[in-house]
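Listed below, chain by chain, are the residues.
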Amino acid sequence: MTSTTNTAAAPTSTRPLLSVGLPVYNGAKFIRATLDSILSQTFTDFELIISDNGSTDGTPQICEEYVQKDNRVHYYRSEQNKGAAWNHNRAFELARGAYFKWHHYDDLLAPTNFERCLAELQQHPEAVLCFTGTTITNEKDEIGPQYFDHLNLTSSLPHVRWRQALDHAGQGHAFFGVMRTEKLGETKLFGAFQVPERVLIAEMSLRGQFIELPECLFFRREHAEVAWAKNKNIDDFSDWLGLGNHKLVMPRWRRFFELIKAVPRA
């Protein structure tokens, strides 16, 4: 694997408070709108780490354009597609902020998303993750229903939060919340198995409380190319994760064992 960064994207000496990791592969159709929504945040002390998994469309050119326009944007490109699991974790490995957030190339944010989530985490040191309600949209930017995962985990008891996280994971939107980098780094991150975000959410619940804000400041875009719609077949999903010839076997049991292994790590 080779990785490149434009010279204008070299990290500054000042450590940002928040790192935003954006894994992407062939996202030219939507990534421009996504980058605009991130760079328009009212909270500005962040770095945006774009990890490009060998895109073959116009994604590299668009990203380089934003590197030149804003020194908070750092662009890294692999020469080959190493899978979604590797790419999500690569974005985290490059982060320098005390807080971290994953964001997908096709989703959008309300301007106050970062500001509201960070304010809550700084006010509540016992919390490890803060996220907001979600508005569903589509490829035409048409606004759909609002959705809340109801995952406000405020108990001081880890086993209570664990049970609640397993019972009320909703649609997994907590995965796109702002997290404490130190706590996230203690987990397995984005695992190479089915529905890894659910396991990560459960493991994070063992490490601290969750705050779900009653505002819909995250816009999840649903379209034909989104990963869960495009990779319904287990072999296709294995390829998307980057498992190569090591296909997923008994995916539900694998997820169960990953949940069990998360407990002693915490």
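Each remark here, short or long, concerns the structure printed above.
As the structure is a computational prediction, the values presented were derived from the model and not from experiment. (Residues numbered from 1 in each chain as written. Predicted model: local features only at pLDDT ≥ 70, side-chain atom pairs only at ≥ 80, totals over all residues. Heavy atoms only, no water.)

Chemist: Any chance you could break down the packing of helix H1 (residues 31-39) against helix H2 (residues 59-69) for me, citing the residues and the numbers?
Modeler: For the pair H1 and H2, interaxial distance at closest approach is 10 Å and the crossing angle is 25°. The orientation of H1 with respect to H2, classified from their angle, is roughly parallel. Note that H1 runs across H2; the crossing there is right-handed. Here Ile31, Arg32, Leu35, Asp36 and Leu39 of H1 come into contact with H2, specifically with Thr59, Ile62, Cys63, Glu65 and Tyr66. A breakdown of the residues in the contact of H1 with H2 according to their chemical character gives six nonpolar, one polar and three charged. (Axes fitted to C-alpha atoms, helices over the stretch in contact; angles between N-to-C directions. Helix = DSSP H or I, 4+ residues; strand = E, 2+ residues; numbered from the N terminus. Parallel < 35°, antiparallel > 145°, perpendicular 65-115°, else oblique. Left-handed = near helix turned anticlockwise from the far one by under 90°. Contact = heavy atoms within 4.5 Å. Nonpolar A, V, L, I, M, F, W, Y, C, P; charged D, E, K, R; others polar.)

Chemist: Residues and numbers for the environment of glutamate 115, please.
Modeler: Considering the arrangement of structural elements, one finds glutamate 115 in helix H4 (residues 113-123). Sequence separation of glutamate 115 and phenylalanine 43 is 72 residues, and the distance between their C-alpha atoms is 5.1 Å. Sequence-distant contacts of glutamate 115, defined by excluding residues within four places in its chain, comprise Thr42 and Phe43.

Chemist: I'd like a description of H4, backed by residues and values.
Modeler: Where H4 is concerned, the buried positions are Asn113, Phe114, Cys117, Leu118, Glu120 and Leu121. End-on view of H4: buried residues confined to an arc of 160°, all on one side of the axis. (Buried < 20%, exposed > 50% of the residue type's maximum accessible area, 1.4 Å probe, protein only. Arc of directions from axis to C-beta.)

Chemist: Which residues make up a nonpolar patch on the surface, and what values go with them?
Modeler: The grouping of Phe256, Phe257 and Ile260 at the surface amounts to a nonpolar patch, some 300 Å² of accessible area in total. Following the sequence through the fold, isoleucine 260 ends up in helix H10 (residues 251-265). The class for isoleucine 260 is partly exposed, based on a relative accessible area of 45%. (Patch = residues over 30% accessible without salt bridge, like charges linked within 9 Å, V, L, I, M, F, W, Y side chains within 5 Å. Areas by Shrake-Rupley, 256 points an atom, 1.4 Å probe, with all protein chains shown as cover. Salt bridge = Lys/Arg side-chain N within 4 Å of Asp/Glu carboxyl O.)

Chemist: Account for H2, with residues named and values stated.
Modeler: Within the sequence span of H2, burial applies to Thr59, Pro60, Ile62, Cys63, Tyr66 and Val67. The buried residues of H2 all sit within an arc of 165° when viewed along its axis, so they share a single face. Exposed residues on H2 whose side chains face more than 90 degrees from its buried face are Gln61, Gln68 and Lys69.

Chemist: Talk me through the pattern of salt bridges; I want residue IDs and the actual numbers.
Modeler: Taken as a whole and assessed by the stated rule, the structure comprises 15 salt bridges. Among the ionic pairs, glutamate 47 bridges to arginine 96, the shortest N-O distance being 3.0 Å. Residue glutamate 47 is found in strand S3 (residues 46-52), and its partner arginine 96 is found in the loop between helix H3 (84-93) and strand S5 (99-102); the two are separated by 49 residues along the sequence. Taking the relative accessible area as the measure of exposure, glutamate 47 reaches 2% and is therefore buried. Across the pair glutamate 186 and arginine 207 runs a salt bridge whose closest N-O atoms are separated by 2.6 Å.

The analysis is restricted to geometry; functional conclusions fall outside its scope.
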